[in-house]
Amino acid sequence: MAFFNAIQRDVLAFEDRWLSEHGMSRGDITDHDLRHRIGREMIQYGSNLTFGIQDIFGGVFKDYNAHSGGGTEWGHTWDYWTRGNQQFEITSEAWANMFDAAFSPRLRQAMQDYLPTAWEWFERRLGGIR
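In this text, all values refer to a predicted model and were calculated from it rather than measured experimentally.

Chemist: Lay out the confidence of the model for the protein chain in plain terms, naming residues and giving numbers.
Modeler: In this model, the protein chain carries a mean pLDDT of 85, and residues with pLDDT of at least 70 account for 88%. The least confident element of the protein chain, judged by mean pLDDT, is helix α3 (residues 78-81) at 77; the most confident is helix α1 (residues 2-21) at 96.

So this is what it looks like as structure tokens:
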């Protein structure tokens, strides 16, 4: 639960940061439009660097899921995330994506930019990453 909670908090915190950077509040935009715009920016940041992040965001909130009209181009269908225990599905996928990022400084930096608390949790479980 701690890992899932960290992921969910990071996604919401990223949305809040994005809104602040764009001079907006949650009342100015629908969740669907917010998540579509963030997803589009992730693609511009570099899909090869954010595919795992897009996937994680898409598991937390359906509006990020490419298969539901969200702004991302990667990710599983919403059915994938909700086929059983969504929290388990998300944390398993996040673990795999973060483990992949641990071996690439550029992917690692992207994870730290988008999911700092979850990344810190992951890194502590591995005993640190160099």
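We are not done yet, so read on.
Chemist: Hey, could you go over the environment of Trp18 for me, with residue numbers and the actual values?
Modeler: Checked against the element boundaries, Trp18 lands in helix α1. On the accessibility criterion, Trp18 (3% relative accessible area) is buried. The spacing of Trp18 and Leu34 is 16 residues in sequence and 8.8 Å in space, taken between C-alpha atoms. Dropping the residues within four chain positions of it, Trp18 is found in contact with Met24, Leu34, Arg37, Ile38 and Glu41.

Chemist: Now, about the packing of helix α4 (residues 86-101) against helix α5 (residues 105-114): what can you tell me, with residues and values included?
Modeler: α5 packs onto α4 with a crossing angle of 135 degrees between their chain directions and a minimal axis gap of 7 Å. Taken together, α4 and α5 sit at an angle that is classed as oblique. Counted together, Asn97, Met98, Asp100 and Ala101 of α4 and Leu107, Arg108 and Met111 of α5 form the full contact between these two elements. Per-class residue counts for the contact of α4 with α5 are four nonpolar, one polar and two charged.

Chemist: Outline a nonpolar patch on the surface, supporting the account with residue identities and numerical values.
Modeler: On the surface, Trp95, Phe99, Phe103 and Leu126 cluster together to form a nonpolar patch covering roughly 410 Å² of accessible area. Its relative accessible area of 40% is what places Phe99 among the partly exposed residues.

Chemist: Report on the layout of surface pockets, specifying residues and quantitative values.
Modeler: The calculated volume of the largest pocket comes to roughly 160 Å³. As for the largest pocket, its lining consists of Phe14, Arg17, Trp18, Glu21, Ile38, Glu41, Met42, Tyr45, Asp113 and Tyr114. Secondary-structure elements contributing two or more residues to the lining of the largest pocket are α1, α2 (31-60) and α5.

Chemist: Break down α1 for me, citing the residues and quoting the values.
Modeler: Spacing of three or four residues puts side chains on the same side of an α-helix, whose turn is 3.6 residues. Its 20 residues give α1 an end-to-end C-alpha distance of 28 Å, which sits within 8% of 28 Å, the value for a rise of 1.5 Å per residue. Of the residues making up α1, those classed as buried are Phe3, Phe4, Ala6, Ile7, Asp10, Val11, Phe14, Glu15, Trp18 and Leu19. Looking at the residues trailing α1, positive phi occurs at Gly23, about 65 degrees.

Chemist: Go over empty space enclosed by the protein with me, naming the residues and quoting the values.
Modeler: Following the criterion strictly, the structure yields one cavity of 30 Å³ or more and no others. Looking at the largest cavity, the residues that line it are Leu49, Phe51, Gly52, Ile53, Asn97, Asp100, Ala101, Leu107 and Met111. Looking at the lining of the largest cavity, the elements with two or more residues in it are α2, α4 and α5. Ranked by the residues each element gives to the lining of the largest cavity, the list is headed by α2, at four residues.

Chemist: Account for α5, naming residues and giving values.
Modeler: For α5, the set of buried residues is Leu107, Arg108, Ala110, Met111 and Tyr114. The buried residues of α5 occupy one face: seen down the axis, they fall within an arc of 160 degrees. Turned more than 90 degrees off the buried face of α5, the exposed positions are Pro105 and Arg106.

What counts and what doesn't
Residues numbered from 1 in each chain as written. Predicted model: local features only at pLDDT ≥ 70, side-chain atom pairs only at ≥ 80, totals over all residues. Heavy atoms only, no water. pLDDT = per-residue confidence, 0-100. Helix = DSSP H or I, 4+ residues; strand = E, 2+ residues; numbered from the N terminus. Buried < 20%, exposed > 50% of the residue type's maximum accessible area, 1.4 Å probe, protein only. Contact = heavy atoms within 4.5 Å. Axes fitted to C-alpha atoms, helices over the stretch in contact; angles between N-to-C directions. Parallel < 35°, antiparallel > 145°, perpendicular 65-115°, else oblique. Nonpolar A, V, L, I, M, F, W, Y, C, P; charged D, E, K, R; others polar. Patch = residues over 30% accessible without salt bridge, like charges linked within 9 Å, V, L, I, M, F, W, Y side chains within 5 Å. Areas by Shrake-Rupley, 256 points an atom, 1.4 Å probe, with all protein chains shown as cover. Salt bridge = Lys/Arg side-chain N within 4 Å of Asp/Glu carboxyl O. 1 Å grid on protein atoms, 1.4 Å probe; cavity = no way out; pocket = protein on both sides within 12 Å on 5 of 7 lines; lining within 4 Å. Points joined across faces, edges and corners; volume = space filled by probe spheres on them. Expected span 1.5 Å × (residues − 1). Arc of directions from axis to C-beta.

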